[in-house]
Amino acid sequence: MINSCALCGQCRVICPNGLDMGKICREARERMVAKGKMPQSAHDFALRDLAFSTGESYTLTRHQPEMDQSRYVFFPGCQLAASAPDHVRKTYELLRLHLAGGVGLILNCCGAPAEWAGRRDLFEKGLNGLKTEWQRLGSPTVIAACVSCCRVLREQIPEMKVESLWDVLAELELPPNADKLKGQAVCVHDPCSARADRTTQESVRALLDRLGVRIEPTATERELTSCCGFGGLVSFANPDVAAKMVRRRSAESSTDFLAYCAMCRDQFAAGGKRTFHLLDLIWGADATAADRPSPGFSDRRENRLRLKQ
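Rules and cut-offs
- Residues numbered from 1 in each chain as written.
- Predicted model: local features only at pLDDT ≥ 70, side-chain atom pairs only at ≥ 80, totals over all residues.
- Heavy atoms only, no water.
- Pairing = 2+ DSSP bridges.
- Helix = DSSP H or I, 4+ residues; strand = E, 2+ residues; numbered from the N terminus.
- Axes fitted to C-alpha atoms, helices over the stretch in contact; angles between N-to-C directions.
- Parallel < 35°, antiparallel > 145°, perpendicular 65-115°, else oblique.
- Left-handed = near helix turned anticlockwise from the far one by under 90°.
- Contact = heavy atoms within 4.5 Å.
- Nonpolar A, V, L, I, M, F, W, Y, C, P; charged D, E, K, R; others polar.
- Salt bridge = Lys/Arg side-chain N within 4 Å of Asp/Glu carboxyl O.
- Buried < 20%, exposed > 50% of the residue type's maximum accessible area, 1.4 Å probe, protein only.
- Patch = residues over 30% accessible without salt bridge, like charges linked within 9 Å, V, L, I, M, F, W, Y side chains within 5 Å.
- Areas by Shrake-Rupley, 256 points an atom, 1.4 Å probe, with all protein chains shown as cover.
- Core = buried A, V, L, I, M, F, W, Y, C linked by side-chain atoms within 4.5 Å.

Asks: Tell me about the sheet that holds strand E7 (residues 214-215), residues and numbers included.
Replies: Strands sit in the order E7-E6-E8-E9 across an open sheet of four strands; the sheet is parallel. The two strands at the open ends of the sheet, each matched to only one other strand, are E7 and strand E9 (275-277). Looking at chain direction, strand E6 (residues 185-189) and E7 are connected through two bridges and run parallel. Opposite Val 186, over in E7, you have Ile 215 as the bridge partner.

Right, dumping it as C-alpha cells:
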C-alpha cells in the first residue's frame, strides 16, 4: 500500500483538513529504506533507469555551439528525451533562435525517481552533480521542459532560477505550421507536479488558444488533477493500480487528451487513450500524433543515447 501511492497531492487538496497521505507514504518509504525493509523489487528497475539517465550514456553539459557563455540553459529532463527526442532537438533550436545571450544544454535527470523510492542518498547525490554542472555553465537561468523537474529544482536548489518551458514558449513566436490542428478539441491533462503551478497551467492554455485548439473541461484538472500512474513509481511497484488510474482518468471524456508531461502522455497512450503532447501540436503534427505508441523501455534508453549523439 505504501508503494502504491502516487505521492501526487490530490488527497491533500480534496481533504477539508489538508491531510497529506502522500507525505506520510513518502516518509514511510524513507524509513523502510533506512531500516533495510524496502523490497528491492519495488523500485529496482526505476532506479536502474535513473542510473542510465545520470550516467555517461545520456548526460551532457555544454554551451551553445560557438559560444563560451550561457544566459539560459535548456534542461529537457530524461522522459521527454526518451519519448520524443526529435521534439527536444527542435525545441532547443527554437530557443537558440529567439533567446539572446546563449542557450546552453544539460542532458540529465532531476532525480525524482530516487525521491519517490525513498532513496534520499541517491536523490541528493544526483542533485549535487546537477548543481555542479549548472554552475560550470555560469549558473544560467534553467528552462525546464518537465514540470516535475521544475518542482524538484525549485524546491531543492533555491538559488537556481528555473522557468517552465511552457511559460517561455508562451512569450515566443511559434513555428509557422503550429496551427495545423486548428479547431481540434482536447481535454487538458495537467500533470500532478503542476497541481499548484497556476502560471504554467495558464501558459499551456494560452498556447493552445494561440494554436486554435478548443479545450473541453473534465472533472479532474488543474489543482484537482489525477496522477497518470507514473508518479511515485506506482507503475513499477503496483502496475495493476497504475493501469486502473489510467482507465479511470481516461473515462472522464471521450475527447482526445492533451498532455504537457511526456510520461503522462505515454502512460495514457499505453492505456489506449488518444493523447497528444503539446509539442506535437507546436511542431505541426497531424491528428495521427495522438496515436503515437508509447516507447518501450529499451526504446526509451535508445532514444536518450541517440539524442546525446
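The discussion continues.
Asks: How would you sum up the packing of helix H3 (residues 40-53) against helix H15 (residues 297-308)? Please name residues and give values.
Replies: At a minimum axis separation of 11 Å, H3 and H15 run at an interaxial angle of 15 degrees. As summarised for this structure, H3 and H15 are arranged roughly parallel, according to the angle between their axes. Taken as a pair, H3 and H15 cross one another with a handedness that is right-handed. From H3, Phe 45, Arg 48, Asp 49, Phe 52 and Ser 53 reach across to H15, where they touch Phe 297, Arg 301 and Arg 304. Of the residues assigned to the contact of H3 with H15, the class counts are three nonpolar, one polar and four charged.

Asks: Please give an account of the sheet that holds strand E2 (residues 72-75) that cites residues and values.
Replies: Read from one edge of the open sheet, five strands run E1-E3-E2-E4-E5, paired in mixed fashion. With partners counted over all chains shown, the strands left at the sheet margins are strand E1 (60-62) and strand E5 (162-164), one partner each. When the angles between neighbouring strand axes are averaged without regard to direction, this sheet yields 25 degrees. With four bridges joining them, E2 and strand E4 (residues 141-144) adopt parallel strand pairing. Note that in E4 the partner of Phe 75 across the bridge is Ala 144. Contacts from helix H5 (residues 85-98) reach E1, E2, strand E3 (103-107) and E4 within the one sheet, and its direction differs from that of E3 by about 155 degrees. Its contacts with the sheet place helix H7 (residues 120-136) against E1, E2, E3 and E4, and it is angled at close to 160 degrees to E3.

Asks: So what's going on with the pattern of salt bridges? Residues and values would help.
Replies: All told, the structure shown has 27 salt bridges when counted by the stated rule. Two residues, Arg 222 and Glu 202, come together in a salt bridge whose shortest N-O distance is 2.8 Å. With Arg 222 in the loop between E7 and helix H11 (234-237) and Glu 202 in helix H10 (residues 198-210), this pair connects stretches of sequence that are 20 residues apart. Assessed through its relative accessible area of 16%, Arg 222 is described here as buried. The salt bridge partner of Asp 256 is Arg 274, with a shortest N-O separation of 2.9 Å. Of this pair, Asp 256 sits in the loop between helix H12 (239-250) and strand E8 (257-259) while Arg 274 is found in the loop between helix H13 (262-270) and E9, placing the two residues 18 residues apart along the sequence.

Asks: A description of the packing of H7 against helix H8 (residues 147-156) should follow, citing residues and the corresponding values.
Replies: Contact geometry for H7 and H8: axes closest at 12 Å, N-to-C directions at 85 degrees. Relative to H8, the element H7 is oriented roughly perpendicular. Between H7 and H8, the residues in contact are Arg 120, Phe 123, Leu 127 and Leu 130 and Val 152, Leu 153 and Gln 156, respectively. In the contact of H7 with H8, the residues fall into five nonpolar, one polar and one charged.

Asks: Report on a nonpolar patch on the surface, specifying residues and quantitative values.
Replies: A surface patch of nonpolar side chains, about 230 Å² in accessible area, is lined by Val 13, Ile 14 and Leu 224. Here Leu 224 is to be found in the loop between E7 and H11.

Asks: Can you tell me about the pairing of E2, naming the residues and giving the values?
Replies: Judged by which residues are buried, E2 turns out to be covered on both faces: Tyr 72 and Phe 74 on one side and Val 73 and Phe 75 on the other are all buried. The sheet contact formed by E2 and E3 spans three bridges and is parallel. When the sheet's bridge partners are listed, Val 73 is paired in E3 with Gly 104.

Asks: Can you break down the environment of Asp 209 residue by residue, with the values?
Replies: Following the sequence through the fold, Asp 209 ends up in helix H10. Note: C-alpha distance between Asp 209 and Lys 182 (27 residues apart in sequence) is 9.3 Å.

Asks: Break down the side chain of Arg 300 for me, citing the residues and quoting the values.
Replies: Turning to its location among the elements, Arg 300 is positioned in helix H15. Not counting chain neighbours up to four residues away, the residues in contact with Arg 300 comprise Gln 79, Ala 82, Ser 83, Met 263, Asp 266, Ser 294 and Pro 295.

Asks: If you had to explain the nonpolar core to someone new, which residues and values would you point to?
Replies: With 88 residues, the main nonpolar core has Phe 74, Leu 95, Trp 166, Leu 169 and Leu 278 as its most contacted residues. Here the element with the most residues in this core is H8; it accounts for five residues. Ignoring sequence-local partners within four residues, the contact set of Leu 95 consists of Phe 74, Val 103, Ile 143, Leu 165, Val 168, Leu 169 and Leu 172. If you look at the next biggest cluster of nonpolar residues, it comprises seven residues, including Ala 6, Cys 8, Cys 192 and Met 245.

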